Each structure stands twice: as C-alpha cells, then as structure tokens.
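# Structural overview
If you want the building blocks of each chain, they are given just below.
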Amino acid sequence: MSAPLDPAAMKPLERKGSLLRTVCAVAWSLIGLRKGSEYQQDVEKLNPLHIIVVGLVAVFLLVMGLMALVNWVV
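Residues numbered from 1 in each chain as written. Predicted model: local features only at pLDDT ≥ 70, side-chain atom pairs only at ≥ 80, totals over all residues. Heavy atoms only, no water.

Our next topic: the layout of surface pockets. If you add up the space inside the largest pocket, you get close to 160 Å³. Lining the largest pocket are eleven residues, and of these Ala25, Ser29, Tyr39, Asp42 and Ile51 sit closest to its centre. Within the residue set of the lining of the largest pocket, elements represented by two or more residues are helix H1 (19-31), helix H2 (36-45) and helix H3 (48-73). (1 Å grid on protein atoms, 1.4 Å probe; cavity = no way out; pocket = protein on both sides within 12 Å on 5 of 7 lines; lining within 4 Å. Points joined across faces, edges and corners; volume = space filled by probe spheres on them. Helix = DSSP H or I, 4+ residues; strand = E, 2+ residues; numbered from the N terminus.)

The next point concerns H3. With 26 residues, H3 should cover 38 Å at 1.5 Å per step; its first-to-last C-alpha distance of 37 Å lies within 8% of that length. With a side-chain oxygen positioned 3.2 Å from the backbone nitrogen of Leu49, the residue opening H3 is Asn47. (Expected span 1.5 Å × (residues − 1). Polar contact = N/O pair within 3.5 Å; in protein donor to acceptor, adjacent residues only side chain to side chain.)

On to H1. Each α-helix turn comprises 3.6 residues. Residues three or four places apart therefore point the same way. A rise of 1.5 Å per residue sets the reference length of H1, with its 13 residues, at 18 Å; its end C-alpha atoms lie 18 Å apart and thus fit the reference within 8%. Along H1, the residues that are buried comprise Thr22, Ala25 and Val26. End-on view of H1: buried residues confined to an arc of 95°, all on one side of the axis. Within H1, the exposed residues directed more than 90 degrees away from the buried face are Leu20 and Ile31. Where H1 is buried, its residues meet H2 and H3. With its phi angle positive at about 100°, Gly32 sits one or two positions after the end of H1. (Buried < 20%, exposed > 50% of the residue type's maximum accessible area, 1.4 Å probe, protein only. Arc of directions from axis to C-beta. Contact = heavy atoms within 4.5 Å.)

Glancing now at the side chain of Thr22. Examined against the element boundaries, Thr22 turns out to sit in helix H1. Ignoring any residue separated from it by four or fewer positions in sequence, one finds Thr22 in contact with Leu46, His50, Ile51 and Val54.

Turning our eyes to something else, we now look at the pattern of salt bridges. Considering all chains together, one arrives at one salt bridge under this definition. Across the pair Arg21 and Asp42 runs a salt bridge, and its minimum N-O distance is 3.2 Å. Taken together, the residues span a long stretch of sequence, with Arg21 in helix H1 and Asp42 in helix H2 at a distance of 21 residues. Residue classification places Asp42 among the buried positions, given a relative accessible area of 7%. (Salt bridge = Lys/Arg side-chain N within 4 Å of Asp/Glu carboxyl O.)

Here you go:
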C-alpha cells in the first residue's frame, strides 16, 4: 500500500510579504516593467489575495484619477 503522509510536510506554504512590497509589485505590473527574477521572488513571497485586492484598488484609483483629470481639463 502507500506510506503514511507526514503531517508536518502537509502544512500550508507560509507567504510573508509586506504591503509596500505588494504595492510595488502591482505598480510595476501596471507599468509593464518587471524582471523575471523579481517576479519569481514575488510569486514565492506575496499572498495572491493581497495582490488581487491591491490591484483592484490601484485600478480604481487610476480610473478615478483619469476621470478627475478629464473633468478638470474640460
């Protein structure tokens, strides 16, 4: 049969990333400039849920800023 699984080996991957690092990663991604090595570090260290939340907030702020700029110009 199969060998018993070690519970210590099955614990979830801990991702420790700061809010500033997440914001920087999202900002670089929005610009489109990112090194492959830094992308790999982000994949290993940042929480995907945090990236999604920060990305949605960043896109919202970008759209609101563009709307404000258009209203100011016109």
